[in-house]
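The residues making up each chain are set out below.
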Amino acid sequence: MAPWSGLWGGKAGGDAYRGTPVVVKMENPNWSISEISSPEDDDEDILAAGGRRKGGRSKNAKQIRWVLLLKAHRAAGCLASLASTAVALGGAARRRVAAGRTDAEAGVVAATGESPVVRSRFYAFIKAFLVVSLLLLAVEVAAYFSGWDLAASALAIPVIGLESLYASWLRFRATYVAPGIQFLTDACVVLFLIQSADRLIQCLGCFYIHIKRIKPKPKSLALPDAEDPDAGYYPMVLVQIPMCNEKEVYQQSIAAVCNLDWPKSNFLVQVLDDSDDPLTQTLIREEVAKWQQQGARIVYRHRVLRDGYKAGNLKSAMSCSYVKDYEFVAIFDADFQPHPDFLKRTVPHFKDNDELGLVQARWSFVNKDENLLTRLQYINLCFHFEVEQQVNGVFLNFFGFNGTAGVWRIKALEDSGGWMERTTVEDMDIAVRAHLHGWKFIFLNDVECQCELPESYEAYRKQQHRWHSGPMQLFRLCLPDIIKCKIAFWKKANLIFLFFLLRKLILPFYSFTLFCIILPMTMFVPEAELPDWVVCYIPALMSLLNILPSPKSFPFIIPYLLFENTMSVTKFNAMISGLFQLGSAYEWVVTKKSGRSSEGDLISLAPKELKHLKTGSAPNLDAVAKEQLASKKDAKKKHNRIYKKELALSMLLLTAAARSLLSKQGIHFYFLLFQGISFLLVGLDLIGEQVE
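All of these numbers come straight from a predicted model, not from anything done at the bench.

1. Some remarks on the sheet that holds strand β10 (residues 440–451)
The strands making up a sheet are joined through hydrogen bonds of the backbone, oriented either antiparallel or parallel.
Now for step 1: Ordered by their spatial adjacency, 8 strands build an open sheet running β5-β4-β3-β6-β9-β8-β10-β7, and the pairing between neighbours is mixed. Each edge of the sheet is formed by a strand with only one pairing partner; in this case those strands are β5 (298–302) and β7 (337–338).
Now for step 2: Taken strand by strand, helix α7 (residues 278–293) contacts β3 (237–243), β4 (267–273) and β5, and its axis lies near 160° from that of β5.

Right, here's the structure in full:
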């Protein structure tokens, strides 16, 4: 038989194909192969006439073998990395469970005065359902291994013993349990579709804005005179920095605000310190004095009676006698550092536009890549600013004020009743009241103000509780005013049905009910059906739309979908607290800051034309970095906690996943499995900052 002379074989007559030199490098620097070739290449590298290799370029079996070995090595490295990660997570979970530090229910109860019975009653049914689910799973497993395959047509056939009890349960389940679950399922699916349609319309509006290049522009140019730069449009601006025990970030925020590119005689900085720590008060007061010596117009204010949290702080500051000399007020939270040209890019929009009450800038984040939690928050907030705020600003001239990085016309604040301490979302409160009084808003998507994202799950959880309980408090208070006010009917409908009900109430309701309660129930009551497109396809499409404003975050689309469902527990609890005025609705905890910003962050995020400017903030920012490093060494040890509600739901979802395996529901099984694992990781506090 003649020797095989195919592409990968040798030539007949013993003249084998020469191997082509290949450079192959591996990711591991300890392993590298510079060249792979045939063994005969060293002594038989003969070129044909004309300088061409005899036989031309060809592949070699040994090359393929080495490439496959390299790929196998990479796969083994990935598996080893995953295994080490799993071992590390397992060790962290074991230590956390052994420590036994759960979420501080007692501390919250003590702070809010809420009855422990009232607080625990709402989630008691989750624990009860978990116990029932475990019992039902045991019954289903026993029925599966006993071979009890009782179809609906065979339920009328009399049977005896345990099989009879199981048949009775099937009849009871199909007659009484399934219809109620199916009704609740259908209602949640309808709400889900309505909310998905609203999100799709918003994304289409954002797409239209980008296609048409719609961008808010000042009605008239407010450029300074070339001969006299101070002769341009420079109205009097009051800049406020409300803070409370912000020892990590106070220096950098004060430095950034004092270096705003605006005539010094035309703006005043108010540092509104609500700190109850004497050391923090002293440090902030000394920082203000340092800037006063450098010529900045800055004052320090500290309230004796700290009522009303941030709203009370701002209300107290606006009562100063000198405020009447100012036309606009810019507000920055303690972790926000505006670029020097912030006022020059926002204030000119007020010129010759007497109906404009607010100019809002978007946020940028210095720590968005710090951990998985900050990456997922970044996706959410990018969608909020790029889509929700921009679309509402362009088409409705109204959106919720973000509480910081915005400039208000002081007349609009006074006309709307000023700051009120009646809710924990004073920013949304003043925005709604200003909208009811006819004031218009502008959102500037191209003006950024950098800040921090919460890096620990505990801080993020408390922030989200405040952000989702406050709107429900506000809805109860504002509903009569919305109905009575003399604005257009479509504006009333937008406020009631879209702004409050659909986006603040329905969204957390169906997210929690549909994916955390109804879906597991349909596994144990298969007569109630939840379509595959509700479980997988529509949520995947919505997650894809959410991630479009931040395309670099596309690899995190699956964790984002799972994490949003996981956070629905906190959001739903907050929504119920605010709607029914429970004690936790008035809980206000200042979001913990880490002080990630530095001079390098300020320079790298500044516009190109401003990077060459050198200001007096550099020495202070250097001092910030040194002080933060020293404070981290002396900081008290903190511990990650275990969150009982999330752990209970993880057990429930994993139990339902095991039950779905018996009925061969593939897509439901995978969703329940990964969602249960997501709840487990969050319940063990393994998603954010790992401290101790």
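From this point, things continue past the structure.
2. Things to note about the packing of aromatic side chains
Now for step 1: Going through the model one piece at a time under the given rule, you end up with 25 aromatic pairs.
Now for step 2: Of the aromatic side chains, those joined through ring pairs into one cluster are Phe336, Trp363, Phe385, Phe398, Phe399, Phe401, Trp408, Phe441, Phe443, Phe475, Phe499 and Phe500.
Now for step 3: In this structure, Lys368 is placed above the aromatic ring of Tyr378, and the distance from its NZ or CZ to the ring centre is 5.6 Å.
Now for step 4: Here Lys504 stacks its cationic end above the ring of Phe499, 4.4 Å away from the centre of that ring.

3. Brief notes about a nonpolar patch on the surface
Now for step 1: Among the surface-exposed residues, Leu89, Tyr670, Phe674, Ile677 and Leu681 lie close enough to one another that they form a single nonpolar patch of about 440 Å² accessible area.
Now for step 2: The element that contributes the greatest number of residues to the nonpolar patch is helix α20 (residues 666–683), accounting for 4 residues.
Now for step 3: Tracing the backbone through its elements, the reader meets Tyr670 in helix α20.

4. Quick look at the confidence of the model for the protein chain
Now for step 1: When the pLDDT values of the protein chain are averaged, the result is 80; 76% of them are 70 or greater.
Now for step 2: Ignoring residues within four places in sequence, the model shows residues 1–20, a span with pLDDT below 50, making 31 contacts including any to other chains.
Now for step 3: Per-residue pLDDT stays below 50 along residues 105–119; that stretch engages in 18 contacts with residues further than four places along the chain or on separate chains.

5. Considering the pairing of β4
Now for step 1: The element β4 is extensively covered by neighbouring structure, given that 7 of its 7 residues are classed as buried.
Now for step 2: A two-sided burial pattern is seen for β4, the buried positions comprising Phe267, Val269, Val271 and Asp273 on one face and Leu268, Gln270 and Leu272 on the other.
Now for step 3: Sheet analysis places β3 next to β4, joined by 7 bridges and oriented parallel. Note on β4: the bridge partner recorded for Val239 is Val269.
Now for step 4: The parallel pair β3 and β4 is bridged by helix α6 (residues 250–258), and the resulting crossover is right-handed.
Now for step 5: Sheet topology places β4 next to β5; 5 bridges connect them, and they run parallel. Following the sheet pairing, Asp273 is matched in β5 by His302.
Now for step 6: Considered for its hand, the β-α-β crossover made up of β4, α7 and β5 is right-handed.

6. Examining the nonpolar core
Now for step 1: Ile254 and Trp408 are the most contacted members of the largest nonpolar core, which totals 87 residues.
Now for step 2: It is β10 that provides the largest number of residues to this core, a total of 7 residues.
Now for step 3: Of the domains in this structure, domain 1 (89–150 + 169–214 + 488–595 + 641–691) and domain 2 (237–453) are the two that each give at least three residues to this core.
Now for step 4: The next biggest cluster of nonpolar side chains, apart from the first, holds 37 residues, and it includes Met472, Ile517, Val569 and Ile576.

7. Some points on the pattern of salt bridges
Now for step 1: Taken as a whole and judged by the stated rule, the model has 21 salt bridges.
Now for step 2: Note that Asp274 and Arg303 form a salt bridge whose closest N and O atoms lie 2.6 Å from each other. Of this pair, Asp274 sits in the loop between β4 and α7 while Arg303 sits in the loop between β5 and α8 (309–318), and the two are 29 residues apart along the sequence. Assigned by exposure class, Asp274 and Arg303 land together as buried.
Now for step 3: As a salt-bridge pair, Arg461 and Glu646 come within 3.7 Å of each other at their nearest N and O atoms. Of this pair, Arg461 sits in helix α13 (residues 457–484) while Glu646 sits in helix α19 (residues 644–662); the two residues are 185 residues apart in sequence, bridging distant segments of the chain.
Now for step 4: On the accessibility criterion, Glu646 (0% relative accessible area) is buried.
Now for step 5: Where salt bridges share partners, they join Lys215, Asp341, Arg345 and Asp446 into one cluster.

8. Thoughts on empty space enclosed by the protein
Now for step 1: Using the criterion set out here, one finds 4 cavities of 30 Å³ or more in the structure.
Now for step 2: Around the second largest cavity, the lining residues are Cys258, Lys264, Phe267, Val269, Ala296 and Arg297.
Now for step 3: Looking at the lining of the second largest cavity residue by residue, the classes come out as 4 nonpolar, no polar and 2 charged.

9. Considerations on the packing of helix α15 (residues 532–547) against α20
Now for step 1: Direction vectors running N to C along α15 and α20 enclose 60°, while the axes themselves pass 9 Å from each other. On the basis of the axis angle, α15 is oblique to α20. Our pair here, α15 against α20, has a crossing hand that is left-handed. Listed contacts from α20 to Asp532, Val535, Cys536 and Tyr537 of α15 are Ile667, His668 and Phe671.

10. Points about the UniProt feature "transmembrane region" (unreviewed entry) in the protein chain
Now for step 1: The residues that UniProt annotates with the feature "transmembrane region" (unreviewed entry) are residues 122–144, 150–169, 505–524 and 667–687.
Now for step 2: Within residues 505–524, the helical portion is 100% and the strand portion 0%, while the C-alpha atoms at the span's ends are 28 Å from each other.
Now for step 3: This span, residues 667–687, is 81% helix and 0% strand, and a straight line between its end C-alpha atoms measures 25 Å.

11. Side note on the packing of α15 against helix α16 (residues 557–579)
Now for step 1: Two numbers describe how α15 lies on α16: the axes approach to 10 Å, and their chain directions differ by 110°. With respect to their mutual orientation, α15 and α16 come out roughly perpendicular. Relative to α16, α15 is oriented so that their crossing is right-handed. Together, Pro539, Ala540, Ser543, Leu544, Asn546 and Ile547 of α15 and Ile557, Tyr560 and Leu561 of α16 make up the contact between the two elements.
Now for step 2: Tallied by class, the residues present in the contact of α15 with α16 amount to 7 nonpolar, 2 polar and no charged.

12. Description of the pairing of β10
Now for step 1: Most of β10 is tucked away: 9 of the 12 residues are buried.
Now for step 2: In terms of strand pairing, β7 meets β10 through 2 bridges, oriented antiparallel. Looking at the pairing, Gln337 lines up with Gln450 of β10.
Now for step 3: Pairing between strand β8 (residues 356–365) and β10: 9 bridges, direction parallel. Bridged to Leu356 within β10 is Lys440.

13. A closer look at α20
Now for step 1: With 18 residues, α20 extends 26 Å from end C-alpha to end C-alpha; this agrees with the ideal 26 Å at 1.5 Å per step.
Now for step 2: Every buried residue of α20 is listed here: His668, Phe669, Phe671, Leu672, Gln675, Gly676, Ser678, Phe679, Val682 and Gly683.
Now for step 3: Where α20 terminates, the next one or two residues include Asp685, which has phi positive at roughly 60°.

The rules behind the values
Residues numbered from 1 in each chain as written. Predicted model: local features only at pLDDT ≥ 70, side-chain atom pairs only at ≥ 80, totals over all residues. Heavy atoms only, no water. Pairing = 2+ DSSP bridges. Helix = DSSP H or I, 4+ residues; strand = E, 2+ residues; numbered from the N terminus. Contact = heavy atoms within 4.5 Å. Axes fitted to C-alpha atoms, helices over the stretch in contact; angles between N-to-C directions. Phe/Tyr/Trp six-rings, centres within 6.5 Å; stacked < 30°, edge-to-face > 60°. Lys NZ or Arg CZ within 6 Å of the ring centre and 35° of its normal. Patch = residues over 30% accessible without salt bridge, like charges linked within 9 Å, V, L, I, M, F, W, Y side chains within 5 Å. Areas by Shrake-Rupley, 256 points an atom, 1.4 Å probe, with all protein chains shown as cover. Salt bridge = Lys/Arg side-chain N within 4 Å of Asp/Glu carboxyl O. pLDDT = per-residue confidence, 0-100. Buried < 20%, exposed > 50% of the residue type's maximum accessible area, 1.4 Å probe, protein only. Right-handed = clockwise from strand over helix to strand, strands pointing away. Core = buried A, V, L, I, M, F, W, Y, C linked by side-chain atoms within 4.5 Å. Domains from an automatic or database assignment. 1 Å grid on protein atoms, 1.4 Å probe; cavity = no way out; pocket = protein on both sides within 12 Å on 5 of 7 lines; lining within 4 Å. Points joined across faces, edges and corners; volume = space filled by probe spheres on them. Nonpolar A, V, L, I, M, F, W, Y, C, P; charged D, E, K, R; others polar. Parallel < 35°, antiparallel > 145°, perpendicular 65-115°, else oblique. Left-handed = near helix turned anticlockwise from the far one by under 90°. UniProt positions renumbered as here; feature names shortened; annotations may be inferred. Expected span 1.5 Å × (residues − 1).

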